[in-house]
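# Report on the structure
Now for the letters of each chain:
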Amino acid sequence: MGGRKLNKLLIKGGRPLDGVVSVSGAKNAALPIMCASLLTADHLALTNVPRLMDVATMAKLLAQMGVLLERSEDCDESGMTLRAENLVDPTAPYDLVRTMRASILVLGPLIARCGRAKVSLPGGCAIGQRPVDQHLKGLVAMGTNISVEHGYIHAETSRLHGARILMDLVTVTGTENLMMAATLAEGTTILENAAREPEVLDLANCLVAMGAKIEGAGTDLIRINGVKKLNGAKYSVMPDRIETGTYLAAAAASRGRIRLTGASPRTLDATLQKLREAGAKVECTPDSISLEMQGRPTAVGVRTAPYPGFATDMQAQFMALDAVASGTSVITENIFENRFMHALELQRLGADIAIQGNTAVVRGVDKLQGATVMATDLRASASLVIAGLVAEGETIIDRIYHLDRGYESLEKKLSALGARVQRLA
Ligand code: EPU
């Protein structure tokens, strides 16, 4: 990159969001789907791939292994073609895994295709410990020898075989890794207590388009019958439900009126229900969502849970909404043990939040005031943007590279909705 680093976002708050904006492809579907390209020597042609830092990091990782990638210049289509004809080095080095934990998603496909892989063990993370024991347990059950040496997972197999795998807890990337590995294993794999997230289903749909035999994706029991080889395919990545939810929460907090196009309302039930509880008028078509909030939102409690429960990736944004709502709400984080870093920053803007363990009690205040705050992770940053949009005066958010990991054209989209936002050095 080099050159000027515009690492801060200046927001002049106090304007309701008003307008129409289009939703990008889902980061957390695009990343595993890009890794699915490792399972075939043919072309995988994707559309609706968001232009994000994490997608660029994944592209770099795959390219290092020998995958040929092409990005189409057509912004409307957001196309990307991947071809893993010759894999030169099935290694995911520390410097890339460190910047993006989703790099672990190469492990299952590499073992299935190459019979071996070397992947840096992801370290700790700003939102929790995030171990990968369930990924490894499943791969061992399918016949992989795994050792961890010098910070790297070394995995090897002569041929993967099907297995019945009961996961101890619901893990999204764990389910995705094992599902991808199982597509080329000998025999049938059954994943029990599988993640039901829409992104898991999107990956499964792409794998099926490539010739995989998968049943039950989107439920907690997935059955995969291994095939000898997968083919290329064309596939369009699902809309980003967390980006969608973030703009909706921002519109609700700022008492605005927006319409999101290219959305997938059926993946957002829990979020839409909570927005309605907060007093928003929400209307959906199969691919758009309109929201209007008249007056002050009402405080809503949320408890995060695996899908179809309320997403942990929407928790921080709802804390910002509750911070200016009328009444008191209780927010319980059940997925990650350290995902309240934004609460301290929201307090700097005048929010009244008390944290005890995995529970936050938020007493809505009449007004937030602009201040300088620090982004700590992707969704925490999104909550600070929402708070900045409703605060009086100027808010400066530092370290917004976190936002670039997961929100495509954030300032452009917010400006189109009438917000006053600007990047600063
Ligand atoms: N866990 C284990 N062992 C494992 C795997 C997970 O103990 O082997 C624990 C985790 O520590 C956590 C819980 O299980 O407490 C759930 O974690 P999960 O594995 O489901 O999370 P993930 O797959 O690493 C994905 C998303 C996250 C999202 C979570 C939960 C991707 C690339 N990332 O992470 O997205 O928060 O699922 O829905 O899909 C984000 O986009 O900002 C983000 C963090």
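Described in the following lines is the structure provided in the data block.

Definitions and limits used
- Residue positions within a chain follow its written sequence, with the count starting from 1.
- Reporting of local features is limited, given that this is a predicted model, to residues whose pLDDT is at least 70; pairs of side-chain atoms are given and counted only at 80 or more, and all residues count toward the totals for whole chains, interfaces and linings.
- Heavy atoms from the whole structure form the basis of all side-chain values; hydrogens and water molecules are not counted.
- In DSSP terms, a helix is any run of H or I states spanning at least four residues, a strand is any run of E spanning at least two, and both are numbered starting from the N terminus.
- A 3.5 Å cut-off defines polar contacts: any pair of N or O atoms within that distance qualifies, except that in protein one atom must be a possible hydrogen donor and the other a possible acceptor, and neighbouring residues in sequence count only when both atoms are side-chain atoms.
- Between rings of Phe, Tyr and Trp, where Trp is taken as its six-membered ring, a pair exists when centres lie within 6.5 Å; planes separated by under 30 degrees are stacked, by over 60 edge-to-face, and by other angles tilted.
- Note on exposure labels: buried denotes an accessible area under 20% of the residue type's maximum, exposed denotes more than 50%, and partly exposed covers the range between, all computed with a 1.4 Å probe on protein chains only.
- Two conditions define a charge sitting above a ring: the NZ of Lys or the CZ of Arg must be within 6 Å of the ring centre, and it must be within 35 degrees of the ring normal.
- If a single non-hydrogen atom of a residue is within 4 Å of a molecule or strand, that residue counts as near it.
- For accessible areas, the Shrake-Rupley method is used with a probe of radius 1.4 Å. Any residue's cover is judged against the shown protein chains and nothing else.
- Note on definitions: angles span 0 to 180 degrees between N-to-C directions of axes, and those axes are lines fitted to C-alpha atoms, for helices only across the stretch in contact.
- Under this scheme an angle from 65 to 115 degrees is roughly perpendicular, one under 35 degrees roughly parallel, and one over 145 degrees roughly antiparallel; angles in between are oblique.
- Any two residues whose heavy atoms approach within 4.5 Å at even a single point are treated as in contact.
- Three residue categories are used. Nonpolar comprises Ala, Val, Leu, Ile, Met, Phe, Trp, Tyr, Cys and Pro, charged comprises Asp, Glu, Lys and Arg, and polar comprises the others, including Gly.
- Two strands make a pair as long as DSSP finds a minimum of two bridges between them.
- When a carboxyl oxygen of Asp or Glu lies within 4 Å of a side-chain nitrogen of Lys or Arg, that pair is called a salt bridge.
- Here a cavity is any set of points on a 1 Å grid over the protein atoms alone where a 1.4 Å probe fits but cannot get out, and a pocket is any open set with protein on both sides within 12 Å along at least 5 of 7 lines; a residue lines the site when it has an atom within 4 Å of a point.
- Grid points are joined across faces, edges and corners, and a volume is the space filled by probe spheres set on the points.

### What about the side chain of Asn177?
- Position of Asn177 among the secondary structure elements: in helix 6 (residues 172-183).
- In terms of polar contacts, Asn177 uses its side chain to reach the backbone amide nitrogen of Gly108, at 2.8 Å.

### Looking at the packing of aromatic side chains
- By the definition in use, this model includes 1 aromatic pair.
- Pairing Phe310 with Phe318 gives two aromatic rings, centres 5.0 Å apart and planes at 85 degrees, and the pair type is edge-to-face. For the pair shown, Phe310 and Phe318 are each scored as buried.
- Its end group placed over the ring of Tyr152, Lys118 keeps NZ or CZ at 4.7 Å from the ring centre.

### Overview of the site of the ligand
- In the vicinity of the ligand there are 21 residues, among which Gln134, Thr171, Thr173, Asp313 and Ile335 approach most closely.
- Between the ligand and the protein, one listed contact pairs an oxygen atom with a backbone N or O atom of Ile335 at 2.6 Å.
- Within the complex, the protein chains bury 87% of what would otherwise be the 830 Å² of accessible surface of the ligand.
- Elements with a contribution of two residues or more to the shell around the ligand: helix 1 (27-36), helix 5 (133-141), helix 6 and helix 12 (378-390).
- Looking at which element gives the most residues to the shell around the ligand, the answer is helix 5, with 3 residues.

### Quick look at the packing of helix 8 (residues 241-253) against helix 10 (residues 315-323)
- Taken N-terminus to C-terminus, the directions of helix 8 and helix 10 make an angle of 5 degrees; their axes are 9 Å apart at the nearest point. Judged by the inter-axis angle, helix 8 sits roughly parallel to helix 10. On helix 10, the residues that touch Ile242, Thr246, Ala249, Ala252 and Ala253 of helix 8 are Gln317, Phe318 and Leu321.
- Its residues assigned to classes, the contact of helix 8 with helix 10 comprises 6 nonpolar, 2 polar and no charged.

### Here we look at the sheet that holds strand 17 (residues 288-292)
- Strand order in the open sheet formed by 4 strands is 2-15-17-16, with mixed pairing between adjacent strands. Two strands bound the open sheet, and with one partner strand each, they are strand 2 (18-22) and strand 16 (281-285). Going across the sheet, the axis of each strand differs from the next one's by a mean of 10 degrees, ignoring polarity.
- As paired elements, strand 2 and strand 15 (residues 257-261) share 5 bridges and run parallel to each other. The partner of Val20 across the bridge, within strand 15, is Arg259.
- Contacts between helix 8 and the sheet are confined to strand 15 and strand 17, with strand 15 contributing the most and set at about 170 degrees to the helix.
- Sheet strands in contact with helix 9 (residues 269-277) are strand 16 and strand 17, and its direction is about 150 degrees off that of strand 16.

### Describing the sheet that holds strand 22 (residues 372-374)
- Sheet architecture is open: 4 strands sit in the order 22-23-1-24, paired in mixed fashion. Sheet topology places strand 22 and strand 24 (420-424) at the edges, where each strand pairs with a single neighbour. Ignoring strand direction, the axes of neighbouring strands in this sheet form an average angle of 20 degrees.
- Bridge count for strand 22 against strand 23 (residues 394-398) is 3 bridges, and the pairing is parallel. Along strand 23, the bridge assignment pairs Thr372 with Ile396.

### Concerning the pairing of strand 8 (residues 145-149)
- The pairing of strand 8 with strand 9 (residues 152-156) spans 5 bridges and is classified as antiparallel. Pairing of Ile146 across the sheet is with Ala155, part of strand 9.
- Two successive antiparallel strands, strand 8 and strand 9, enclose a turn made up of 2 residues, where His150 displays a positive phi of approximately 50 degrees.

### With respect to the environment of Arg83
- Relative to the helices and strands, Arg83 resides in strand 5 (residues 80-83).
- In sequence terms Arg83 and Gly66 are 17 residues apart; their C-alpha atoms lie 8.7 Å from each other.
- Residues contacting Arg83, with those up to four places away along its chain left out, are Ala41, Asp42, His43, Gly66, Val67 and Leu68.
- Only 3.0 Å separates the side chain of Arg83 from the backbone oxygen of Ala41, close enough to count as a polar contact.

### Considering the pattern of salt bridges
- Applying the stated criterion across every chain yields a total of 14 salt bridges.
- Between Arg257 and Asp18 there is a salt bridge, with the nearest N and O atoms lying 3.8 Å from each other. Placement of the pair is Arg257 in strand 15 and Asp18 in strand 2, with a sequence separation of 239 residues.
- For Lys274, the salt bridge identified is with Glu277, shortest N-O distance 3.5 Å. Taken together, the residues Lys274 and Glu277, both in helix 9 and 3 residues apart, mark about one turn of the helix.
- Residue class for Lys274 comes out buried when judged on its relative accessible area of 17%.
- Beyond isolated ion pairs, a larger network of salt bridges with shared partners links Lys27, Asp54 and Arg405.

### Some words on the packing of helix 1 against helix 2 (residues 53-65)
- Viewed as axis vectors pointing N to C, helix 1 and helix 2 meet at an angle of 10 degrees, and their least axial separation amounts to 10 Å. One finds that helix 1 runs roughly parallel with respect to helix 2. Residues Lys27, Leu31, Met34 and Cys35 of helix 1 form the contact with helix 2, whose participating residues are Asp54, Val55, Met58, Ala59 and Leu62.
- Among the residues forming the contact of helix 1 with helix 2, the class breakdown is 7 nonpolar, no polar and 2 charged.

### Section: empty space enclosed by the protein
- Taken as a whole and assessed by the stated rule, the structure comprises 2 cavities of 30 Å³ or more.
- If you add up the space inside the largest cavity, you get close to 60 Å³.
- Taken together, Thr246, Tyr247, Ala250, Ala382, Val385, Ile386, Leu389, Leu403, Tyr407, Leu410 and Leu414 make up the lining of the largest cavity.
- For the lining of the largest cavity, the elements supplying multiple residues, two or more each, are helix 8, helix 12 and helix 14 (410-416).
- For the lining of the largest cavity, the element with the most residues is helix 12, which contributes 4 residues.
- Within the lining of the largest cavity, the residues separate by chemical class into 10 nonpolar, 1 polar and no charged.
- Approximately 40 Å³ is the volume attributed to the second largest cavity.
- Around the second largest cavity, the lining residues are Ala26, Lys27, Asn28, Ala29, Glu199, Asp240, Ile242 and Arg379.
- Ranked by residues supplied to the lining of the second largest cavity, first place goes to helix 1 with 3 residues.
- In the lining of the second largest cavity, the residues fall into 3 nonpolar, 1 polar and 4 charged.

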